[in-house]
Amino acid sequence: MKNILLGATLTLATLLGQSASFAADLTFWTWRQEDKAEYEKFFKDFAKTNPGISIKFEAFEATSYNTVLSTALAGGKGPDLMMTRTYGGIESLAGAGYLMPLDKTKVPAVAGFSPAALASETMRSDKVLYAVPAASQTMLVVYNKEIFDKNGITEPKDWAEFIAACEKLKAAGLMPFANGTSTAWQNETIVSALTSSIMGKGFYEDLMAGKTDFNDPRFVTALGKLKEISAYFPDGFIGLDYASAQQLFTSGMAAMFAGGSFEIANFAKQNKDLKLGVFAAPGLKAEDEKLVGLFYDSGFAANAKTAQPEAAVKFLNYAASKEFGQVFANNLNNISAVPGVTFDSPLLAKVADLNKHSIAYMTLVNFRYGEPTGSNLIQAGVQKLLNGQATPAEVGKSMTDGLSAWYAPFKKK
Amino acid sequence: MLSSKLTGRNLWIAALVVPPIAFMSLFLVYPILSAFAYAFYEWKGLARGEFIWFENFHRVLFEFPFSERTINAFSHNIFVFFALMVLQNGVGFLLAYCLWRELWGARFHRVAVFLPVVLSTVIVGLLWKLFLHPLFGAVNVSLRGMGLGFLAQPWLGQDSTALMAIIVANAWHMVGFPTLVFLAGMQRIPSEILDAVRMETESEWVKMSKIVWPLVAPSATVVFTLLFVGAFNWFELPYVMGGIDGSPHGATDVLGLYFYRTAFGSMSASAENFGPGSALAVLIFLFIAVVSSVITIRLRKREIQL
């Protein structure tokens, strides 16, 4: 008996000894150069509980990140750990077999994530998860609190109030909105940020169930209202690019910016005195549920061919932990995808609260899997709509017809 | 006997010739040939799938939505080529003529005209974007200041003006180059010829069209061919001013942007389609290679040896 105990103790000691001497150097790639200091802190925290595993941070330019990453992975020179994009962005990596498939045995904590979060990092064909979802983004209206207070405006409860608020701001010599649409993707964000409540949950559910398409009156009405409110965008907004639009807002010349929650951190950095607020654009009537557009923009994945799979999985478990979600939210001002995270910043807390009533940012979430993408179509369509070259119904039709090239439920019967 | 005599010399030649050939093959021929090969495969992300013959070419030329985009981008390249032929090479020729005739301030203007050429394209793009800013841009502000506010436009936001605005920016940026090449050609014209002309006519028009223009034919060959290649490889300026999507709704889309977006995906709209992208690259390469050779051969024929 004594011997067995002794043997067990010895074995345990060797095991512990081994795990203590377990050393691994991992590389981590991301497109978020601006977060370098924070990530290095996260990696240090991680190393405290996982001695011997050190992670090296490397960042690449955001727009070419996927190209750099997939080229490196194809050449067998990829990182051990990486930040991945979502939806179609992860399928091109996972489909080529570059990413380590994850499941509940590898990363048990993912079971608690929301289905929408998991769907963002799951490949549709094999239904396998390839990355731990990192952050969500919300399409909403960001506003300048001081301007609202000074003009006696409160967050609008219905569309008429929304328009009245714009009128009031315009009369006061301010630009109600800062938005410009010469940068193509801004045409997609404003649809979700301003009209999700008009489309409504019912429309999104019917669309996903294959019961309707973009010719649906709910979608066409939404685009009509977008056109209506674009009268309160700056003069010549169709020639105004994204960066200029952001500057109009941060300089306090405009009261609102319809866009993503990712703007908040940037606005705060540009002008520290800015007092920001957020709200969900209202529906037509006050009793319509106020909805924001929601999508997940990033995740953490491991290389399928990493030389240190155990260490990599340990990090992914850390990335899925509430502890990490909390420091991620507090340090990076992002809405962590980890369930149960609380927010120090009242603004982020408000965004997280708005997320409880949301529909997907659908053109990105559901329609970027084939050519032409829903994003291609809505960006071009809305540019035509706002330039007076197409009606809302024509935009809806062009989207439905375009998507029918690959989206099965829209294919002509 | 003979061969052994020459061995030393042959070795010497080989030692000089092989490294550059190896270098060229490795970094030029091999990538081009492999891009050719890539175009015949199916791609899943950047992982190569099956050999599919001409399927990718068929997709970019004949199948929705690629065919529409190909035609749209290609027609814009053609428009850009002709517009720049007038705005860049035509104006360049006139400027060169004025500089050559040494009009007042010629020395200053010779530098001034060439100055923008040394600026980076990205800087020129951003500068012109600021000029054309709908609210505070120099163009609209001056129009309003002159009481011509009704002419102020969101230049880069309308399909009717966006492409032309980028072309003007390009002409402003590069006009110094054809000017310089034409000026060099004009300065090579022997003074005896010019003296002889002066005895015949006083007309500047006759001098320019009948004497100078034919005698600068070698310069014209150079600038025409380079403009052709440049117009069909156009990328940086439309990328900086209109974005990777050819905003608004494809009005500034050209083959370069379209190829890049198709092959590598655009972060804000679509994933990568490497097969069709490679097919496009091959088509663009073949088109430019064939047409520019034809242009060069035809233009060479009209050059006169002085």
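Rules used in this analysis
- Residues numbered from 1 in each chain as written.
- Chains lettered and ligands numbered in written order.
- Predicted model: local features only at pLDDT ≥ 70, side-chain atom pairs only at ≥ 80, totals over all residues.
- Helix = DSSP H or I, 4+ residues; strand = E, 2+ residues; numbered from the N terminus.
- Buried ≥ 20, exposed ≤ 12 C-beta atoms within 10 Å, placed from the backbone.
- Contact = placed C-beta atoms within 7 Å.
- Nonpolar A, V, L, I, M, F, W, Y, C, P; charged D, E, K, R; others polar.
- Domains from an automatic or database assignment.
- Pairing = 2+ DSSP bridges.
- Right-handed = clockwise from strand over helix to strand, strands pointing away.
- Axes fitted to C-alpha atoms, helices over the stretch in contact; angles between N-to-C directions.
- pLDDT = per-residue confidence, 0-100.
- Expected span 1.5 Å × (residues − 1).
- Core = buried A, V, L, I, M, F, W, Y, C linked by C-beta atoms within 7 Å.
- Arc of directions from axis to C-beta.

Looking only at helices and strands, chain B has 14 helices and 2 strands in total. Oriented by its inertia axes, the alpha-carbon framework of chain B measures out at about 80 × 70 × 30 Å. Among the 306 residues that make up chain B, the fraction classed as buried is 37%. Long-range contacts, defined here as pairs at least 24 residues apart, represent 68% of the contacts in chain B between residues at least 6 apart.

This part takes up the overall build of chain A. Secondary structure assignment for chain A yields 17 helices and 10 strands. Judged by the C-alpha coordinates and their principal axes, chain A covers about 85 × 55 × 40 Å. When the 413 residues of chain A are sorted by exposure, 48% land in the buried category. Taking the intrachain contacts of chain A between residues at least 6 apart in sequence as the baseline, contacts between residues at least 24 apart amount to 74%.

Okay, the interface of chain B and chain A next. Every contact between the two is made by 31 residues of chain B and, on the other side, 40 residues of chain A. Of the residues belonging to the side of chain B that touches chain A, the class tally is 15 nonpolar, 12 polar and 4 charged.

All names here are of chain A. The assigned domain composition of chain A is domain 1 (15-137 + 296-354) and domain 2 (138-294 + 362-410). The centre of domain 1, based on its C-alpha atoms, is set 30 Å off from the matching centre of domain 2. Between domain 1 and domain 2, the residue contacts involve 10 residues of the former and 16 residues of the latter. Where the side of domain 1 that touches domain 2 is concerned, the elements lending two or more residues are strand 4 (132-144) and helix 14 (346-354). Broken down by element, the side of domain 1 that touches domain 2 gets its largest block of residues, 4 residues, from helix 14. Residues of the side of domain 1 that touches domain 2, tallied by class, amount to 5 nonpolar, 4 polar and 1 charged.

With that out of the way, let us pick up the pairing of strand 2 (residues 53-59) of chain A. Residues and elements named next belong to chain A. As paired strands, strand 1 (residues 24-30) and strand 2 are joined by 7 bridges and run parallel to one another. When the sheet's bridge partners are listed, Trp29 is paired in strand 2 with Glu58. Note that the unit made of strand 1, helix 2 (residues 36-49) and strand 2 has a crossover that is right-handed.

Where strand 1 of chain A meets strand 3 (residues 81-84) of chain A, 2 bridges bridge the pair, whose relative direction is parallel. Pairing of Phe28(A) across the sheet is with Leu81(A), part of strand 3 of chain A.

All names here are of chain B. Interaxial distance between helix 2 (residues 55-62) and helix 3 (residues 66-100) falls to 5 Å at its minimum, and their mutual angle equals 65 degrees. Mapping the contact onto sequence places Arg59, Val60, Leu61 and Phe62 in helix 2 and Phe66, Ser67 and Thr70 in helix 3. For the contact of helix 2 with helix 3, the class distribution of residues is 4 nonpolar, 2 polar and 1 charged.

Moving on, we get to the environment of Phe93(B). All names here are of chain B. As for its position among the elements, Phe93 is in helix 3. Looking at Phe93, the number of C-beta atoms within 10 Å reads 24, which means it is buried. Separated by 86 residues in the primary sequence, Phe93 and Thr179 place their C-alpha atoms 5.8 Å from one another. Ignoring anything within four residues of it in the chain, the contact list for Phe93 reads Pro178 and Phe182.

The residue after Glu371(A), namely Pro372(A), is reached through a cis peptide bond having omega -5 degrees. In this structure, the amide linkage connecting Phe64(B) to the following residue, Pro65(B), adopts the cis form with an omega of 0 degrees. Mapping Pro65(B) onto the fold places it in the loop between helix 2 and helix 3. Of note, Asn333(A) is a non-glycine position whose phi angle comes to about 50 degrees, a positive value. In this fold, Asn333(A) is placed in the loop between helix 13 (322-332) and strand 9 (335-336). The class of Asn333(A) is buried, set by 21 C-beta atoms lying within 10 Å. A positive phi angle, close to 55 degrees, is found at Glu102(B), a residue other than glycine. Glu102(B) gets classed as exposed once you count the C-beta atoms within 10 Å, which come to 10.

So, on to the environment of Ser34(B). For Ser34(B), the location among the structural elements is in helix 1 (residues 2-38). Spatially, the C-alpha atom of Ser34(B) lies 9.8 Å from that of Ser278(B), the residues being 244 residues apart in sequence.

Let us now look at the confidence of the model for chain B. All names here are of chain B. Summing up the model confidence of chain B, the mean pLDDT is 90 and the portion of residues at 70 or higher is 97%. Taken element by element, the predicted model of chain B shows its lowest mean pLDDT in strand 2 (residues 47-51) (83) and its highest in helix 7 (residues 162-174) (96). For this predicted complex, the interface score ipTM comes out at 0.86, while the overall pTM is 0.87.

What follows deals with helix 11 (residues 217-232) of chain B. The terminal C-alpha atoms of helix 11 of chain B lie 22 Å apart, and with 16 residues this matches the ideal 22 Å at 1.5 Å per residue to within 8%. Buried within helix 11 of chain B we find Ser219(B), Ala220(B), Thr221(B), Val223(B), Leu227(B), Phe228(B), Ala231(B) and Phe232(B).

Let's shift gears to the nonpolar core. One finds Leu140(A), Val141(A) and Leu316(A) to be the most contacted residues of the largest nonpolar core, which totals 121 residues. Per-element accounting of this core gives the leading share, 9 residues, to helix 8 (residues 186-208) of chain A. Taken domain by domain, the makeup of this core includes at least three residues from each of domain 1 (15-137 + 296-354) and domain 2 (138-294 + 362-410) of chain A. Residues within four places of Val141(A) in sequence aside, it is in contact with Ala193(A), Met256(A), Ala258(A), Val278(A), Phe279(A) and Ala281(A). Core analysis: the next-biggest nonpolar cluster, separate from the first, contains 61 residues, Ala96(B), Trp100(B), Val124(B) and Tyr258(B) among them.

Okay, helix 14 of chain A next. Residue and element names in this part refer to chain A. Looking only at helix 14, the buried set comprises Leu348, Val351 and Leu354. An end-on view of helix 14 places all buried positions within 115 degrees of arc, on one side of the element. Every exposed residue of helix 14 that faces more than 90 degrees away from the buried side is listed here: Pro346 and Asp353. Turning to helix 14, the residues buried within the fold contact strand 4, strand 7 (276-279), strand 8 (292-302), helix 13 and strand 9.

Here the focus is the confidence of the model for chain A. Per-residue confidence for chain A gives a mean pLDDT of 91; residues scoring 70 or more make up 94%. Under a pLDDT of 50 for its full length, residues 12-21 of chain A has, in the predicted model, 2 contacts with residues more than four places off or in other chains.

Looking now at the environment of Val240(B). All names here are of chain B. Counting through the fold element by element, Val240 comes out in helix 12 (residues 236-242). For Val240, a count of 19 C-beta atoms within 10 Å gives the class partly exposed. With 153 residues separating them along the chain, Val240 and Leu87 place their C-alpha atoms 20 Å apart. Leave out the neighbours within four places in its chain, and Val240 touches Val122, Gly125 and Leu126.

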